[in-house]
Amino acid sequence: MSDIFREVDEDVRRERLQQLWDRHSNLIVAAALLVVLAVGGWRGYEYWENQKAAESGAAFEAAVALAEAGKQAEARAEFGKVAKEGSSGYRTLARFRDTAELAKINPAAAVKEYEALAADSSLGRTLQDLATIRGAMIEVDSAPLAELTAKLEPLTTAGRPFRHSAREILALAAWRANDAAAAQRWFDLIVTDAETPAGTRQRIDVLMTLSGARAKT
């Protein structure tokens, strides 16, 4: 008896499925096609991105080779092209490397470029901080201490990725400006921070010796 009921249930299900297909077959086929096209489109996009990244990588390496050969003008032209037309990662690399090449021939202009990079929120805070550090390294011998402090002090707080570099630059800038109080402040912060890199600590020890300063313990 149960077999009869099972057969009836199966007949009813088949009939309902047939009715559903008859009513909505066009929609079902269209949905299936959309899925196929979406998957195919994504695969095509991935292939295109991979190709573009490979081409950008080759162009970037060619520009680096030109830079290392001392051909700054040609290198900058290639870096500029990658920065405009390359894949996303290489665009950022090219912008930084182009600015580094510019610093060799026009430091003031390079500082402006680093400032533009530091202001570009699309890069993310880490790269923005790096741009600020690179610009400050160019200016450390010429910019007023107050100007460098305004730029770098926010980067010196715990958790910022380039805090040790920012503190070292400010200590050097303060020493060059003969501001003993400011220099002492950064000396103390650097030598009492257990996370200060060994290289930074050694350079600050030399600077403290030259200035006759002694860090607080």
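Residues numbered from 1 in each chain as written. Predicted model: local features only at pLDDT ≥ 70, side-chain atom pairs only at ≥ 80, totals over all residues. Heavy atoms only, no water.

Visitor: Even after reading the chapter, I still don't get the packing of aromatic side chains, so can you show me in this structure?
Guide: On inspection of all chains with the given rule, the structure shows two aromatic pairs. Judged by centre distance (5.8 Å) and plane angle (50°), the rings of Phe60 and Tyr90 are tilted. Within this pair, whereas Phe60 is found in helix 1 (residues 2-68), its partner Tyr90 is found in helix 3 (residues 88-105), the two being separated by 30 residues in sequence. By relative accessible area, which is 10% here, Phe60 ends up buried. Cluster of aromatic residues (ring-pair linked, three or more members): Phe60, Phe79 and Tyr90. (Phe/Tyr/Trp six-rings, centres within 6.5 Å; stacked < 30°, edge-to-face > 60°. Helix = DSSP H or I, 4+ residues; strand = E, 2+ residues; numbered from the N terminus. Buried < 20%, exposed > 50% of the residue type's maximum accessible area, 1.4 Å probe, protein only.)

Visitor: Honestly, the environment of His164 in this entry has me stumped. Any pointers?
Guide: Residue placement: His164 occurs in helix 7 (residues 163-176). For the pair His164 and Arg201, spaced 37 residues apart in sequence, the C-alpha separation works out to 9.5 Å. What His164 contacts, discounting residues up to four positions off in sequence, is Asp193, Glu195, Thr196, Pro197 and Thr200. A distance of 3.4 Å separates the side chain of His164 from the backbone oxygen of Glu195, its partner in a polar contact. (Contact = heavy atoms within 4.5 Å. Polar contact = N/O pair within 3.5 Å; in protein donor to acceptor, adjacent residues only side chain to side chain.)

Visitor: Can you help me understand the nonpolar core in this one?
Guide: Side chains that are nonpolar tend, in soluble globular proteins, to be buried together. If you look at the biggest cluster of nonpolar residues, it comprises 22 residues, and the most contacted ones within it are Ile133, Leu148, Leu152, Ile169, Ala171, Phe187 and Ile204. Looking at this core, the elements with two or more residues in it are helix 5 (125-139), helix 6 (145-152), helix 7, helix 8 (180-192) and helix 9 (198-211). Looking at which element gives the most residues to this core, the answer is helix 7, with six residues. Ranked by size, the runner-up nonpolar core spans eight residues in total, among them Val64, Ala67, Val82 and Ala94. (Core = buried A, V, L, I, M, F, W, Y, C linked by side-chain atoms within 4.5 Å.)

Visitor: Quick question: what am I supposed to make of the packing of helix 6 against helix 7 here?
Guide: Geometrically, a packed helix pair is captured by the angle between its two axes and the distance between the axes. Between helix 6 and helix 7, whose axes approach to 10 Å, the crossing angle comes to 170°. Overall, the two elements helix 6 and helix 7 adopt an arrangement that is roughly antiparallel. For the pair formed by helix 6 and helix 7, the contact residues are Leu145, Leu148, Thr149 and Leu152 on the first element and Ala166, Ile169, Leu170, Ala173 and Ala174 on the second. Split into classes, the residues belonging to the contact of helix 6 with helix 7 amount to eight nonpolar, one polar and no charged. (Axes fitted to C-alpha atoms, helices over the stretch in contact; angles between N-to-C directions. Parallel < 35°, antiparallel > 145°, perpendicular 65-115°, else oblique. Nonpolar A, V, L, I, M, F, W, Y, C, P; charged D, E, K, R; others polar.)

Visitor: Please clarify how helix 9 should be interpreted in this entry.
Guide: It helps to recall that an α-helix has 3.6 residues per turn; residues three or four apart then point in one direction. The terminal C-alpha atoms of helix 9, which comprises 14 residues, lie 20 Å apart, in line with the 20 Å expected from a rise of 1.5 Å per residue. What helix 9 keeps buried is the set Thr200, Ile204, Leu207 and Met208. Across the axial projection of helix 9, the buried residues extend over an arc of 100°, all falling on one side. With respect to the buried face of helix 9, the exposed residues turned more than 90 degrees away are Ala198, Gln202, Thr209 and Leu210. Gly212 lies just past helix 9 and shows a positive phi near 75°. (Expected span 1.5 Å × (residues − 1). Arc of directions from axis to C-beta.)

Visitor: Even after reading the chapter, I still don't get the pattern of salt bridges, so can you show me in this structure?
Guide: Note that side chains of opposite charge can pair when their charged atoms are close. Within this structure, the stated rule accounts for 14 salt bridges. Across the pair Arg176 and Asp141 runs a salt bridge, and its minimum N-O distance is 2.8 Å. Here the residue Arg176 occupies a position in helix 7, and Asp141 occupies one in the loop between helix 5 and helix 6, the gap between them amounting to 35 residues. The class of Asp141 is exposed, set by a relative accessible area of 57%. Among the ionic pairs, Arg203 bridges to Glu168, the shortest N-O distance being 2.5 Å. You can see Arg203 sitting in helix 9 and its partner Glu168 sitting in helix 7, a full 35 residues away along the chain. Its relative accessible area of 17% is what places Glu168 among the buried residues. Here the salt bridges share partners, and the residues they tie into one network are Glu115, Glu139, Glu147 and Lys151. (Salt bridge = Lys/Arg side-chain N within 4 Å of Asp/Glu carboxyl O.)

Visitor: Help me understand the packing of helix 3 against helix 4 (residues 107-118), please; the structure alone is not making it clear to me.
Guide: Relative orientation of the contacting elements helix 3 and helix 4 amounts to 160°, with a least axis distance of 7 Å. One element, helix 3, and the other, helix 4, form an angle in the roughly antiparallel class. Judged by the sense of rotation from one axis to the other, the crossing of helix 3 with helix 4 is left-handed. Across the interface between the two elements, Arg95, Phe96, Thr99, Ala100, Leu102, Ala103 and Ile105 from helix 3 touch Pro107, Ala109, Ala110, Glu113, Tyr114 and Leu117 from helix 4. Classifying every residue of the contact of helix 3 with helix 4 by side-chain character gives 10 nonpolar, one polar and two charged. (Left-handed = near helix turned anticlockwise from the far one by under 90°.)

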